[in-house]
Structure formats: structure tokens, C-alpha cells
Amino acid sequence: MIKKRNIQGVTIECVQGDIANQPDMDAIVNAANARLTTGGGVAGAIHRAAGPGLEAECRPLAPIRPGQAVITGAHNLPNRHVIHCLGPVYGRDNPSDRLLADCYRNALALADEKELSSVGFPAISTGVFGFPLEPAARVAIGTVARSAPKLSFVTHVRFILFSENDRGVFTRMLEELE
Ligand code: ADP
């Protein structure tokens, strides 16, 4: 099973792990809520590790819309930036595929604007927002691959999946890319 592929100058890899423990990534992506506050899942892990300064920096940037991304500092996290994306709530924010793709596209565009070379993503919307894992993985991998030719600085994208099963699904999508 391959875990890494180079698509048009961008290495895409899928690993099992914790999004808040990726010290070699310039930016990590938060599966945020509209108010950019802490919560459960990814947002909880990121805000816990970053400390209260992150919520304070987020406050004037909120609320954000589904598909939107905003960038902040990383505070006590080992990264340079956190990019906060609001994924679609499955079955409520439509078209959910397009809004989910917007998250990945907009996050990568912000990273590239800041001249960052590496970005770590969680599986946005697949937790409490209820997006089924396999279609979410197809959108995530496909959107990063299609964005690759437009990126000047980002050369490394890592998907950090919470379970070994989720990593397997993302890895299969990466293998099946044309
Ligand atoms: P959303 O609200 O966008 O659905 P969640 O944080 O509820 O976001 O979950 C998104 C995905 O991230 C889920 O697949 C969940 O299992 C996974 N996840 C939860 N905590 C972490 C973590 N610390 N690191 C990586 N992935 C995580």
C-alpha cells in the first residue's frame, strides 16, 4: 500500500496520527466551527495545544462561512500557522461536495500566499459534521491533486487521519488518483 505520491511537484501523504502533533508541518488545518472557538475533535485538540491565545486571535475573524478558510498564528503549537476551515454540515450545507472542496482549495491558497511549504489536514467534516468518510476522502484527495499545479510554495501536503481505518480509506483514494 503506497502512502505517498508526488502530484505535479506536491508530495501527498496519508498518515495515522494527531493533528496537534505534527511539528514538521509549517501549517496545520483546523476543522473549525463558525465561531472559531474550541470544541471537541480536531478543534479541541488544536486549541488545547495552542493555548488561550489562539481563541483570542480568532475572535475578531469570526464568524466564517462553510467553505471559508482563515489563517492565524500557532501560539504554543510547534507550527508556524493554523488555517481554520469551516466544513459543511452534511445534509444541511449544500452542495456539500463543493463546500468541502472549497475548504481544501482555500486553505492551500492561504498557505501558498504566506509562502509556506508544508500543510497538514485532518479529514474535515467527517466527525460531528457527519460527512461520510469515503466521499469526503475522494473530495479531499482530488481537490489537493487538482490544486497542485497552481501552487508555487506548497510542496508537501499530509493528511493526518485519526484511525488506521480512515488512513486506509484516504490511502486508497490516493492510489486510485489518475
Ligand atoms: P468536523 O466538525 O469538521 O466534522 P471533527 O473534529 O468532529 O470535525 O472531526 C473531523 C475528523 O477528525 C474526524 O474524522 C475525527 O475522527 C478526526 N479527529 C478528531 N480528533 C483528531 C485529532 N486530534 N487529530 C486528527 N484527527 C482527529
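As shown above, the structure is provided for reference.
Okay, so let's go over this structure. All residue numbers refer to position in the chain's written sequence, counted from 1. At least 70 in pLDDT is required for a residue's local features to be given in this predicted model, at least 80 for side-chain atom pairs to be given and counted, and no such filter applies to totals for whole chains, interfaces and linings, which use all residues. Values reported for side chains reflect all heavy atoms of the structure, with hydrogen atoms and water molecules removed beforehand.

The strand order across the open sheet built from seven strands is 1-2-7-6-3-5-4, with neighbouring strands paired in mixed fashion. Two strands close off the open sheet at either side, each with one partner strand: strand 1 (4-7) and strand 4 (69-73). In this sheet, adjacent strand axes meet at a mean angle of 25 degrees when their direction is disregarded. Strands pair, by our definition, only if DSSP identifies at least two bridges between them. Numbered from the N terminus, helices here are DSSP runs of H or I no shorter than four residues, and strands are runs of E no shorter than two. The sheet contact formed by strand 4 and strand 5 (residues 81-85) spans five bridges and is antiparallel. The residue of strand 5 that forms the bridge with A69 is C85. We call two residues contacting when some pair of their heavy atoms lies within 4.5 Å. Angles shown run from 0 to 180 degrees and are taken between the N-to-C directions of axes, each axis being a line fitted to C-alpha atoms and, for helices, limited to the stretch in contact. Across the sheet, helix 4 (residues 133-147) lies against strand 1, strand 2 (10-16) and strand 7 (156-161), angled at about 175 degrees from strand 7, the strand it touches most. Sheet strands touched by helix 5 (residues 164-176): strand 1, strand 2 and strand 7. Its angle to strand 2, the strand with the most contacts, is close to 155 degrees.

Now for helix 5. Over its 13 residues, helix 5 extends 18 Å from the first C-alpha to the last, a length consistent with the 18 Å expected when each residue adds 1.5 Å. Tucked into the core, helix 5 has its buried residues touching strand 1, strand 2, helix 4 and strand 7. Given the number of residues in a helix, its expected span is that number minus one, multiplied by 1.5 Å.

What follows deals with the site of the ligand. If a single non-hydrogen atom of a residue is within 4 Å of a molecule or strand, that residue counts as near it. Taken together, 17 residues lie near the ligand, and D18, V42, S125, T126 and G127 sit nearest. Think of a polar contact as two N or O atoms within 3.5 Å of one another; within protein, one of them needs to be a possible hydrogen donor and the other a possible acceptor, and neighboring residues in sequence only count if both atoms come from side chains. A distance of 2.8 Å separates an oxygen atom of the ligand from a polar atom in the backbone of V42. With respect to the ligand, the side chain of T126 contributes an N or O atom lying 2.7 Å from an oxygen atom. For the ligand, the accessible surface in isolation is 560 Å², of which the surrounding protein chains cover 88%. If one sorts the elements of the shell around the ligand by residue count, helix 1 (residues 41-50) sits on top with three residues. Following the grouping adopted for this structure description, the nonpolar residues are Ala, Val, Leu, Ile, Met, Phe, Trp, Tyr, Cys and Pro, the charged ones are Asp, Glu, Lys and Arg, and the polar ones are all others, Gly among them. Looking at side-chain class alone, the shell around the ligand contains ten nonpolar, five polar and two charged residues. Using the Shrake-Rupley algorithm and a 1.4 Å probe, accessible areas are obtained, with residue cover drawn only from the displayed protein chains.

With that settled, the discussion passes to the pattern of salt bridges. Within this document, salt bridges are pairs made up of a side-chain nitrogen of Lys or Arg and a carboxyl oxygen of Asp or Glu, the two lying within 4 Å of each other. Tallied over the full model, the rule gives nine salt bridges. One salt bridge connects E13 with R158, and the closest N-O pair in it is separated by 2.7 Å. A residue pair is termed long-range when its members are at least 10 positions apart, and E13 in strand 2 and R158 in strand 7 qualify at 145 residues. With a 1.4 Å probe rolled over the protein chains alone, any residue whose accessible area is under 20% of its type maximum counts as buried; one over 50% counts as exposed, and the rest are partly exposed. Assessed through its relative accessible area of 8%, E13 is described here as buried. Between D24 and R158 there is a salt bridge whose closest N-O contact spans 2.9 Å. Remark: R158 occurs in strand 7 and D24 occurs in the loop between strand 2 and strand 3 (27-31); sequence separation between them is 134 residues.

This paragraph deals with the packing of aromatic side chains. To pair, rings of Phe, Tyr and Trp, with the six-membered ring standing in for Trp, must have centres within 6.5 Å; the planes then decide the type, stacked if under 30 degrees apart, edge-to-face if over 60, and tilted in the middle. Inspection of every chain in the model, using the stated rule, returns five aromatic pairs. Between Y104 and F121, the ring centres sit 4.9 Å apart and the planes meet at 50 degrees, which makes this aromatic pair tilted. Residue Y104 is found in helix 3 (residues 96-113), and its partner F121 is found in strand 6 (residues 118-121); the two are separated by 17 residues along the sequence. F121 gets classed as buried once you look at its relative accessible area, which sits at 0%.

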